[in-house]
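Take a look at the letters that make up each chain.
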Amino acid sequence: MKARVTWQEHRTFVGESGSGHTVVMDGAPEHGGRNLAARPMEMMLLGMGGCSAFDVVGMLERARQPLDRLELEIEAERAEDIPQVFTRIHVVYRAFGNGLSEAQVRRAVDLSVTKYCSASLMLGETAEITYDLELIEN
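One structure accompanies this document, and this report is about it. (Residues numbered from 1 in each chain as written. Predicted model: local features only at pLDDT ≥ 70, side-chain atom pairs only at ≥ 80, totals over all residues. Heavy atoms only, no water.)

1. Considerations on the nonpolar core
Then, number 1: Counting residues in hydrophobic clusters, the biggest one holds 24 residues, and the most contacted among them are Val 56, Ile 89, Tyr 93, Val 105 and Val 109.
Then, number 2: For this core, the elements supplying multiple residues, two or more each, are α1 (40-62), β5 (86-96), α2 (102-116), α3 (118-123) and β6 (128-136).
Then, number 3: The contacts of Tyr 93, once residues within four sequence positions are left out, are Ser 52, Val 56, Glu 71, Leu 72, Val 109, Val 113, Tyr 131, Asp 132, Leu 133 and Glu 134. (Core = buried A, V, L, I, M, F, W, Y, C linked by side-chain atoms within 4.5 Å. Buried < 20%, exposed > 50% of the residue type's maximum accessible area, 1.4 Å probe, protein only. Helix = DSSP H or I, 4+ residues; strand = E, 2+ residues; numbered from the N terminus. Contact = heavy atoms within 4.5 Å.)

2. Section: the pairing of strand β3 (residues 22-25)
Within a regular beta strand, the side chains point alternately toward one face of the sheet and then the other, so they alternate between its two faces.
Then, number 1: With four bridges joining them, strand β2 (residues 12-17) and β3 adopt antiparallel strand pairing. The partner of Gly 15 across the bridge, within β3, is Val 23.
Then, number 2: Once β2 ends, the chain turns through four residues before running back antiparallel as β3, passing Gly 20 with a positive phi of about 95°. (Pairing = 2+ DSSP bridges.)

3. Digging into the sheet that holds β5
Then, number 1: Ordered in space as β4-β5-β6, the three strands form an open sheet in which the pairing is mixed. Either end of the sheet is taken by a strand with one partner, and the two such strands are β4 (69-78) and β6. On average, each strand axis in the sheet is tilted by 15° relative to the strand beside it, whichever way the strands run.
Then, number 2: Judged from the ten bridges that link them, β4 and β5 form a sheet pairing that is antiparallel. In the sheet register, Ala 76 faces β5, and the bridge partner there is Ile 89.
Then, number 3: Of the strands in this sheet, β4, β5 and β6 touch α1, which is tilted by about 145° from β4.
Then, number 4: Where α2 meets the sheet, it contacts β5 and β6, and its direction lies at approximately 155° from that of β6. (Axes fitted to C-alpha atoms, helices over the stretch in contact; angles between N-to-C directions.)

4. Details of the side chain of Thr 12
Then, number 1: Among the secondary structure elements, Thr 12 is positioned in strand β2.
Then, number 2: Taking relative accessible area as the criterion, Thr 12 reaches 6% and is therefore assigned buried.
Then, number 3: Contacts of Thr 12, omitting those with residues within four sequence positions, involve Thr 6, Trp 7, Val 24, Met 25, Asp 26, Arg 34 and Leu 36.

5. A closer look at the pattern of salt bridges
Then, number 1: A full pass over the atoms with the stated rule returns seven salt bridges.
Then, number 2: Glu 102 serves as the salt-bridge partner of Arg 106, at 3.1 Å between the closest nitrogen and oxygen. In this pair, Arg 106 and Glu 102 both sit in helix α2, four residues apart, roughly one turn of the helix.
Then, number 3: Judged by its relative accessible area of 46%, Glu 102 is partly exposed. (Salt bridge = Lys/Arg side-chain N within 4 Å of Asp/Glu carboxyl O.)

Laid out in structure tokens, this is it:
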């Protein structure tokens, strides 16, 4: 896997994935950015959320669960001192569908967080990762 990040101007960067997709990143104005895009550390949370959601959706599809929508709400705390690593991350998984098995959904989330999601496992080296699960009937 490869990626390239190119500085544009101020604190704006364009990242290009090995698969050819691009994303813009920027910094906060107080750090020289212009607030044009997500911060790099926000991208890490988005990556973790995408990684875990990818796992959960795949497992629930294989389990033939009637999942209509999945939303992850992620909140993180960072260390005050540099390096300002994540110290706590809390994820709320909201699974929407009629007749979802709570046991099946919980198992999928557990497996993602503790075994399959590489991003969660890496971030878990510095952060305590916790989660809640909400099942919502349509």
